[in-house]
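# Remarks on the overall topology
Below, each chain spelled out in residue letters.
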Amino acid sequence: MQLSCFDGKRITVDRKRAALHKSGMTERKPIRKAVFPVAGLGTRFLPATKAIPKELLPIVDRPLIQYAVDEAREAGIEQMIFVTGRGKTAIVEHFDVAFELESTMNERGKDMSVLEATRATPGDIITVRQQVPLGLGHAIWCARAIVGDEPFAILLPDEMMVGKPGCMAQMVKAYNDVGGNLISVLEVPHEEVSSYGVIDPGEARGALTEVKGLVEKPPVDEAPSNKIVSGRYILQPEVMRTLENQGKGAGGEIQLTDAMAKMIGTQAFNAVTFEGRRFDCGSKLGFVEATLALALQREDMGAEVRAMAKRLLET
């Protein structure tokens, strides 16, 4: 009888824990780790990316990956996990000490502060190899041993998010309030939704919207909302187990969207509407737009760039 009574209590406790987990009210571990999928070949930018990783192409004077890492650091994230492929070692070298360069600059009295953002505490930059390009979901799964049993962030460097505070900082703030799983979304004109993944929204509370489902590139007349998924995520570690047993989806790849869709309803899932601008730097036009927009914002060159653009438009 005592054993039966004990089992009853355990079942009650387990049910309470499951309910709390679904509502996002579990004890929240901090977001300390971020995964950056950077194994792509960058074929849209050939021949520029034949020998240089696309993530190191500069927006003005900083490579694309630097903006994503800075965004993660601003959000309090400590450990950066790069899921790389062959030919991507230069990404890690960007965050390493360049002894000859720094010695020469120091000897010549050059300003060393320009390199400050490229420095990393030993052990805070970790790489893992995605040996076969099997999609975003597979790339994230490759980081499972490093992520462990902690919630973690995902940042897609191709999607450059510009805001104050940054997109991930806005998401971490929301995570500290509600926990669970979070995705960043942006509102776009309804006629553009067929180019993106969109959320099926539930209850909305300010910038936070409950996610009831995810739809990949829906026809305009079937789209459940105009809130598009925008390349930033905070996910619970259980997504790794979902990805481990997941088959191939759209394009013959293991899709992260499919894994998240399976978790909706079993865990808290919310979207954070980002207050800021998004640039699709995976496209040439988006890359040029980001470069021009950020150059115009710079105090050291904004006025000259604006005058230059005006001259070009008048010729």
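Residues numbered from 1 in each chain as written. Predicted model: local features only at pLDDT ≥ 70, side-chain atom pairs only at ≥ 80, totals over all residues. Heavy atoms only, no water.

## Digging into the layout of surface pockets
To keep things clear, this is the line we draw: Grid spacing is 1 Å over the protein atoms alone, the probe is 1.4 Å, and a cavity is where that probe fits but cannot get out, while a pocket is an open set with protein on both sides within 12 Å along at least five of seven lines and lining residues have an atom within 4 Å of a point. Grid points are joined across faces, edges and corners, and a volume is the space filled by probe spheres set on the points. Helix and strand definitions follow DSSP, with helices as H or I runs of at least four residues and strands as E runs of at least two, each counted in order from the N terminus. Under the scheme applied, nonpolar residues are Ala, Val, Leu, Ile, Met, Phe, Trp, Tyr, Cys and Pro; charged residues are Asp, Glu, Lys and Arg; polar residues are all the others, including Gly.
Put simply, the largest pocket is a space of about 1600 Å³. In terms of lining, the largest pocket is formed by 44 residues, of which the most central are Arg44, Leu136, Leu156, Asp158 and Glu253. Broken down by secondary-structure element, the contributors of at least two residues to the lining of the largest pocket are α5 (136-141), β10 (208-216), β11 (227-235), α9 (256-263) and β13 (277-280). Of the residues forming the lining of the largest pocket, the biggest block, four residues, is contributed by α9. Taken together, the residues of the lining of the largest pocket sort by class into 19 nonpolar, 13 polar and 12 charged.

## Quick notes on the pattern of salt bridges
Rule in force here: By convention in these notes, a salt bridge is any Lys or Arg side-chain nitrogen within 4 Å of a carboxyl oxygen on Asp or Glu. Note on exposure labels: buried denotes an accessible area under 20% of the residue type's maximum, exposed denotes more than 50%, and partly exposed covers the range between, all computed with a 1.4 Å probe on protein chains only.
Across all of its chains, the model carries 17 salt bridges by this definition. A salt bridge links Arg32 to Glu78, with the nearest nitrogen and oxygen atoms 3.5 Å apart. Of the two residues, Arg32 sits in the loop between α1 (2-23) and β1 (33-37) while Glu78 sits in the loop between α2 (64-74) and β4 (79-84), which places them 46 residues apart along the sequence. Arg32 gets classed as partly exposed once you look at its relative accessible area, which sits at 28%. Within this structure, Arg32, Lys33, Glu78 and Glu150 form a network of salt bridges that share partners.

## Focus on the packing of aromatic side chains
So the rule is basically this: Centres within 6.5 Å are what make two rings of Phe, Tyr or Trp a pair, Trp counting through its six-membered ring; a difference in plane orientation under 30 degrees is then read as stacked, over 60 as edge-to-face, and the rest as tilted. Lysine NZ or arginine CZ positioned within 6 Å of the ring centre and within 35 degrees of the ring normal marks a charge as sitting over the ring.
Taken as a whole, this structure holds three aromatic pairs when the rule is applied. Relative to Phe82, the ring of Phe36 lies with its centre 5.3 Å away and its plane at 70°, an arrangement referred to as edge-to-face. Residue Phe36 is found in strand β1, and its partner Phe82 is found in strand β4; the two are separated by 46 residues along the sequence. By the burial criterion, Phe36 is buried, and Phe82 matches it. The structure contains a cluster of three or more aromatic residues connected by ring pairs, namely Phe36, Phe82 and Phe95. Between Arg144 and the ring centre of Trp141, over which it is positioned, the NZ or CZ distance is 3.7 Å.

## Digging into the environment of Leu64
Heads up, the rule is: Contacts are assigned to residue pairs with any non-hydrogen atoms lying within 4.5 Å of each other.
In this fold, Leu64 is placed in helix α2. Measuring from C-alpha to C-alpha, the distance between Leu64 and Val97 comes to 19 Å, with 33 residues separating the pair along the chain. Those residues within four positions of Leu64 in sequence are excluded, and the remaining contacts are Glu55, Leu57, Ile59, Pro157, Asp158, Met160 and Cys281.

## Let's talk about the environment of Phe279
The residue Phe279 is located in strand β13 in this model. Separated by 11 residues in sequence, Phe279 and Ala290 place their C-alpha atoms 5.9 Å apart. For Phe279, the residues in contact, after removing those within four places along its chain, are Asp158, Glu159, Met160, Val162, Gly286, Glu289, Ala290, Ala293 and Leu294.

## Regarding α2
With respect to burial, α2 is a largely interior element, eight of its 11 residues being buried. Along α2, the positions that sit buried rather than exposed are Leu64, Ile65, Gln66, Tyr67, Ala68, Val69, Glu71 and Ala72. Positive phi shows up at Gly76, right after α2, with a value of about 90°.

## What about the confidence of the model for the protein chain?
Predicted coordinates in areas of low pLDDT are best not read in detail. Note the following rule: Values of pLDDT, which run from 0 to 100, indicate the predictor's confidence residue by residue.
Mean pLDDT over the protein chain: 88, with 91% of residues reaching 70 or higher. Confidence, read as mean pLDDT per element, is least for α1 in the protein chain (42) and greatest for strand β6 (residues 152-155) (98).

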